[in-house]
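Single-letter residue listing:
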Amino acid sequence: MFEALIEGIINLGTPHSLMLLAAGSAVGLLFGAIPGLGGTTAVALLIPLTFGMEPWQAIILMGGVMAATSTGGSVSAILLNTPGIAPNAATTFDGYPLAQQGKAGMAIGAGATASALGGVIGVISLVAVIPIMKAIVLLFTPPEFFMLAIFGLCAIAVSSGDRLLQGLITAIIGLMVGFVGYYDVTSTVRYDFGIPLLEDGIKLVPALIGLFAISEMINLAMKGGSISQETADVKISRISDGVKSVFKNWSTMLVGSGYGTFIGAVPGVGGTVAAFLSYSTQVQRDPAPDVEYGEGNIKGVIAPESANNAKDGGSLIPTLAFGIPGSAETAVFLGVLVLHGIEPGQKLLEDHQDLVFTLVVALTVSAVFATLVVLILAKYMVLLTKISVHMLIPTVTVVALVGAFALNTEIGDVVIAFIFAFIGYFMIRFNYPRVTFTIAIVLGSITELSFHQSMLISDDQLSIFYTRGISVFLFALTILSLAFPTFRRKMKERKLAKEEAGK
Amino acid sequence: MRIPEQRQPTAWYILIILAFVVLFIVTSYKYNLTDRMFPLMVGYFAVPLLLMDLLSLTDTKIGGQISLFFSGKSQKQVDEDADPTPRTLGQELIIFVWMGALVLGIYLIGFLPCTPVFVYCWMKYRGGYSVRQSAYLAIGTIVFVYVLFELILQYELYPGIFLYWYG
Amino acid sequence: MIGKITTSVLAVGAAAMLASSPAMADYPRKKITFLIAYGPGGGFDTITRKLGPYLKKYLGGKVTIVAKNLPGGRGKKAAQFLAKRKANGSHILMFNMPGHAMPNIIGEKAGYDVRKIDWLGRVAQFRYVIVTSASKGKYKNIQEVLKSKSQIKIPITGPGTTGYLASAILWNALGVQPKYITGYKSSSRYALGVIRGDGDLTILAKGSFKKYISSKKKKRAAFKDLKPILEITNGKSEFGVPTTGEMGQKDLSILGGDRIVGTTPGTPKAIKDQLATALYKAVTDPEFVAWGNKVGRPVAPLNAKDATKLVGELFSYYTQYKDLLAASNKKTR
């Protein structure tokens, strides 16, 4: 293993390799930042370029891309409320309010730093679990998926704080959106109302583009001015403050990275869930925050950003153990390996350890490289929040719509983005949480599917949910998270009492 | 049982969601048991939640209690937390029409002509910029979109409904 | 009289040649779009992208081949898109047979008709093997399965999908009434389902099965993964297990998947021939063949004529099971 690691480092050590890595990283940043494009598209589009390369060179290029996308995505999430890729949606909740307060630099600094550290931790965890990788993947069967989904839904619903009732309502609407389309258990197409586009269900990316990017543009059109409402006091938006805040809140970053690695390793759940769960856990761990979550708490940026970069390492676990992609990105990456005549799965790990470690090293270096680039450029990117909204609105709207189209070259997705822009706008207007809505779209179908599969496996015995260790554990976590609001209120009362006493 | 004026738009919003939920429940009965089980569960769960939300807007005692139970805040505090931006339905409609026109335009004649026209018109007529500034940004945006998507990424940007099927 | 006919035949022939020659001179044009009916990363995506450069080579090297994913409607959208292009050979698509034929067979609105597509040739095919988990499987061999009194559980994709249908037809022929655990999104997902013990056994393409074969290293012996128990073939078994042919079920050997490239109906013959010839040469290119063998996806070239015939055969074979297909499309438990 050690030799393979050395070989990986040597592979990356040449100027040519470093150039490839830098190029991949740059492409990843750009594609991550533009909504609708994302890492999957970037990897797919670079495939023809790799035809003339050695396999390890292709791996360096792709590793560069994959490690950088979510860092790029965090920038647009913070500056424009536009998640570059789906997992960055969780970053908007506190990142964008920070930008509105003129602290975009700090938010970007924190997001980028958390990304780099999360990415490195994810990769280290990957290397650490290689010997027991298969066991981890096999732990999750349909009943566990069901409990995980229920836990996710509950944890995130209660994290909507004093808008709990409204959070539950939007969660339900999100679940309904998730039910639209083809249902894999019965092969029935539901709630399509005869529209062919809806047969495949409502796709997450165009929905998010509408829900966050375009709805915010409509909102800005109502408000006018510029995104940053503060008249620039440069001192409070220092990028280095953001970097420092990550080290100050190291436990937030560690928990986030843990979530990212762990959820990333479960095939079919993905970075969005990881980032949202990390966010909601942070809200729950911190019952008496200095700044309310959703109003610009820096920890609300660190938690999801460390998670969605750590998931790159995590999602390689099933990929390497079984040749089963842990995410859409790794699915395309597997395709690249096959194109180069390498069969993924257990054999890859046995016959091509050098390639695995080349990837590991490339992911690590690229995560750090992308962060450095963002930190250097952040000063200029922040200016976006200071220009008039009437320059931003038309350009962001158009580019976001092109992005919605580009994902599947499907014009219907542009219409979906438009409809979700309305839904999103009214959610902003009437203060209905979008956190629960988004996560319910993702988890709704997992909940239903894994429930029905569990019933098929157990011949309709509900006991399947409480006779298995992990699902019981997840159930206990769910109960804990539901008890949380009461706890939170108590803490708040105590804090108030203390302050009173202090006076 | 009265809903104070400042909360009436929210009430309408809830009623629209409720109508949507009812439509969803009705549609669900078209499907087989396995297919409608979860949707119905979710649908029926939504109705009492929405009604409670509606009640919490009224100036009744129970409304206040619901608000306090779920948010730990009195109705008055909730009102104070609401976004203070003044919004009238008229202003909102105008922006929806702008956005709707853009999407309809893209659907009919494609991205390439719509992009510069939309950017130019918005800058000029909503932002009050000069012809020159508006034109610059319009050209800049279309060049960015064309170079990135069409040239570098080799996407065939949607050319409008007629060219798409018969071009 | 004969002379007159000859003249008129010649005249018609000349006119036809004149009419088609501009098309020939033009072709191949600057760009051919090689559509992919599914998203990036899957088997179809990979093989289409790999094949592109070889196709380019045998089309004279000047044409650009652009691989383009057009996922949607479980493959229907791309086929529909292809069927509605101008018939000038500018778009081609690798069809998934029999999957793409299903809507036509059960009479669902599809926007294309596989019987009318202009077929250019087959690239690859796969045949099935029945696998169980070596460590968790209840049944050691196919005899135990056939004799079993309890219900066999099979993790599989949803009703109406290719894998589900092949299972349904196979077990129906062998007189077993299994219980299907549906809902897995892909064959790699349901293979994982068998490995972790969600069900007893399942059907898997031979090529994709090979990556789950047990590791030789002792350290990982705890996960012996999958092992084959029945192969669907009329020939000799690759894995030394019983075959459906040996069980007297010769008909079943058609079950599997064929990857056949087609273009828009009504494409001029000259263009079609040129494309078909280039495709055949590309698929039989030694480099491409070697790649296919290396990654467990061996090529199975067929020329345009044989591919067209095969589509016809597949169509009539699966039409026999029309009721089963239609029912499985609607049925819930």
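Residues numbered from 1 in each chain as written. Chains lettered and ligands numbered in written order. Predicted model: local features only at pLDDT ≥ 70, side-chain atom pairs only at ≥ 80, totals over all residues. Heavy atoms only, no water.

Chemist: Please explain the overall build of chain C as it appears in this structure.
Modeler: The number of helices and strands found in chain C is 12 helices and 10 strands. The buried share of chain C, reckoned over its 333 residues, is 55%. Sequence separation of at least 24 residues holds for 77% of the intrachain contacts in chain C that already meet a minimum separation of 6. (Helix = DSSP H or I, 4+ residues; strand = E, 2+ residues; numbered from the N terminus. Buried < 20%, exposed > 50% of the residue type's maximum accessible area, 1.4 Å probe, protein only. Contact = heavy atoms within 4.5 Å.)

Chemist: Could you clarify how one ought to interpret the overall build of chain A in this entry?
Modeler: Scanning chain A for helices and strands turns up 22 helices and 2 strands. Relative to the compact-globule value of 23 Å for 503 residues, chain A shows a C-alpha radius of gyration of 22 Å, a close match. Counting only C-alpha atoms and orienting by the principal axes, one finds that chain A spans roughly 65 × 60 × 55 Å. Within the span of chain A, comprising 503 residues, buried residues form 69% of the whole. Contacts in chain A between residues far apart in sequence, at least 24 positions, make up 78% of those at least 6 positions apart. In the form shown here, chain A has an accessible surface area of approximately 15,600 Å², with 68% of it arising from carbon and sulfur atoms. (Rg over C-alpha atoms; globule rule 2.2 N^0.38 Å. Areas by Shrake-Rupley, 256 points an atom, 1.4 Å probe, with all protein chains shown as cover.)

Chemist: Is there a simple way to explain the packing of helix α1 (residues 2–12) of chain A against helix α18 (residues 353–381) of chain A in this structure?
Modeler: A pair of packed helices is characterised by two quantities: the angle between their axes and the separation of those axes. Residues and elements named next belong to chain A. The interhelical angle for the contact between α1 and α18, taken along N-to-C directions, is 60°, at an axis separation of 7 Å. Looking at the two axes, α1 sits oblique to α18. As for how α1 packs across α18, the hand of that crossing is right-handed. Contacts between α1 and α18 pair A4, L5, E7, G8, I9, N11 and L12 from the former with Q353, D354, F357, T358, V361, A362 and V365 from the latter. (Axes fitted to C-alpha atoms, helices over the stretch in contact; angles between N-to-C directions. Parallel < 35°, antiparallel > 145°, perpendicular 65-115°, else oblique. Left-handed = near helix turned anticlockwise from the far one by under 90°.)

Chemist: Teacher, can you tell me more about the domain arrangement of chain C here?
Modeler: All names here are of chain C. Domain annotation for chain C reports domain 1 (27–126 + 256–320) and domain 2 (127–254). Distance from the C-alpha centre of domain 1 to the C-alpha centre of domain 2: 28 Å. With 13 residues of domain 1 at the interface, the matching set in domain 2 holds 11 residues. For the domain 1 and domain 2 pair, buried surface summed over both sides reaches about 1,100 Å², with 62% attributable to carbon and sulfur atoms. Three residues, F126, G256 and Y317, lead the burial of domain 1 against domain 2; their summed loss comes to 50% of the area buried on that side. The tally of links between domain 1 and domain 2 comes to 1 salt bridge. Note that D258 and R127 form a salt bridge whose closest N and O atoms lie 3.8 Å from each other. (Domains from an automatic or database assignment. Buried area = accessible area lost by both parts, 1.4 Å probe. Salt bridge = Lys/Arg side-chain N within 4 Å of Asp/Glu carboxyl O.)

Chemist: In this structure, what is going on with the state of the cysteines? I would like to understand it.
Modeler: In a disulfide, the sulfur atoms of two cysteines are held together by a covalent bond. All names here are of chain B. Counted according to the given criterion, the structure contains 0 disulfides over all chains. For the unlinked cysteine C114, the closest cysteine sulfur is that of C121, found at 10 Å. Judged by its relative accessible area of 23%, C121 falls in the partly exposed class. (Disulfide = S-S within 2.5 Å.)

Chemist: Please clarify how the packing of helix α2 (residues 43–58) of chain C against helix α10 (residues 286–294) of chain C should be interpreted in this entry.
Modeler: Residues and elements named next belong to chain C. Look at α2 against α10: their axes get within 10 Å of each other, and the N-to-C directions meet at 160°. Between α2 and α10, the interaxial angle falls into the category roughly antiparallel. Of the two possible hands of crossing, α2 and α10 adopt the one that is right-handed. Facing α2, whose interface residues are T46, I47, K50, L51 and Y54, α10 presents E287, F288 and W291.

Chemist: Just checking my understanding: could you explain the interface of chain A and chain B for this structure?
Modeler: The figure often quoted for interface size is the accessible area lost as the parts come together. In this complex, chain A contributes 62 residues to the contact, which on the side of chain B involves 66 residues. Regarding the contact of chain A and chain B, the summed buried area is about 6,100 Å², with carbon and sulfur atoms giving 78% of it. Run the count over chain A and chain B and you get 1 salt bridge. Linking R429 of chain A and E92 of chain B is a salt bridge whose minimum nitrogen-to-oxygen distance equals 2.5 Å. Where chain A touches chain B, the interface holds 13 residue pairs in polar contact (both at pLDDT 80 or more). Elements supplying a minimum of two residues to the side of chain A that touches chain B: α2 (15–33), α3 (38–50), α9 (164–179), β2 (188–190), α10 (204–223), α19 (389–408), α20 (411–429) and α21 (434–458) of chain A. Its residues assigned to classes, the side of chain A that touches chain B comprises 42 nonpolar, 13 polar and 7 charged. (Polar contact = N/O pair within 3.5 Å; in protein donor to acceptor, adjacent residues only side chain to side chain. Nonpolar A, V, L, I, M, F, W, Y, C, P; charged D, E, K, R; others polar.)

Chemist: Sorry if this is basic, but what is going on with the pattern of salt bridges here?
Modeler: Pairs can form between side chains of opposite charge whenever their charged atoms are close. Across all of its chains, the model carries 28 salt bridges over all chains by this definition. Taking the shortest distance from any N to any O, the salt bridge between K76 of chain C and E108 of chain C comes out at 3.4 Å. Taken as a pair, K76 of chain C in helix α3 (residues 76–83) and E108 of chain C in the loop between α4 (102–105) and β4 (118–133) lie far apart in primary sequence, 32 residues in all. A salt bridge links D273 of chain C to K269 of chain C, with the nearest nitrogen and oxygen atoms 2.8 Å apart. Of this pair, D273 of chain C and K269 of chain C both sit in helix α9 (residues 269–283), 4 residues apart, roughly one helical turn. Using a relative accessible area of 35% as the deciding quantity, one classes D273 of chain C as partly exposed. When its relative accessible area of 59% is taken as the criterion, K269 of chain C is described as exposed. Sharing partners across several salt bridges, the network here consists of E199 of chain A together with R74, K76 and E108 of chain C.

Chemist: Please explain the environment of P113 of chain B as it appears in this structure.
Modeler: With respect to the secondary-structure elements, P113 of chain B resides in helix α6 (residues 111–126). When the C-alpha atoms of P113 of chain B and P159 of chain B are compared, they prove to be 9.0 Å apart, with 46 residues separating the residues in sequence.

Chemist: Before we go on, may I ask you to explain the packing of aromatic side chains in this structure?
Modeler: The relative placement of two aromatic rings is captured by the distance of their centres and the angle of their planes. Taken as a whole, this structure holds 37 aromatic pairs over all chains when the rule is applied. Residues F93 of chain A and F276 of chain A carry aromatic rings whose centres are separated by 5.8 Å and whose planes lie at 80° to one another, so their mutual orientation is edge-to-face. Here F93 of chain A is found in helix α5 (residues 89–100), whereas its partner F276 of chain A is found in helix α13 (residues 271–285), with 183 residues between them in sequence. Like F93 of chain A, the residue F276 of chain A is buried in the burial classification. Look at F451 of chain A and F38 of chain B: their rings are 5.2 Å apart centre to centre, the planes differ by 55°, and that puts the pair in the tilted class. A residue pair is termed interchain when its members come from two chains, as with F451 of chain A in helix α21 and F38 of chain B in helix α2 (residues 33–55). (Phe/Tyr/Trp six-rings, centres within 6.5 Å; stacked < 30°, edge-to-face > 60°.)

Chemist: Before we go on, may I ask you to explain the side chain of N88 of chain A in this structure?
Modeler: Residues and elements named next belong to chain A. Its location among the elements puts N88 in the loop between α4 (55–80) and α5. Using a relative accessible area of 0% as the deciding quantity, one classes N88 as buried. Discounting chain neighbours no more than four positions away, the residues touching N88 are S70, G73, S74, A77, P83, E305 and N308.

Chemist: What's the story with the nonpolar core in this structure? I'm lost.
Modeler: Core analysis: the largest hydrophobic core is formed by 315 residues, its most contacted members being F149 of chain B together with V123, W171 and L255 of chain C. Not counting chain neighbours up to four residues away, the residues in contact with L255 of chain C comprise R127, Y128, A166, I169, L170, I232, Y317 and Y318 of chain C. (Core = buried A, V, L, I, M, F, W, Y, C linked by side-chain atoms within 4.5 Å.)

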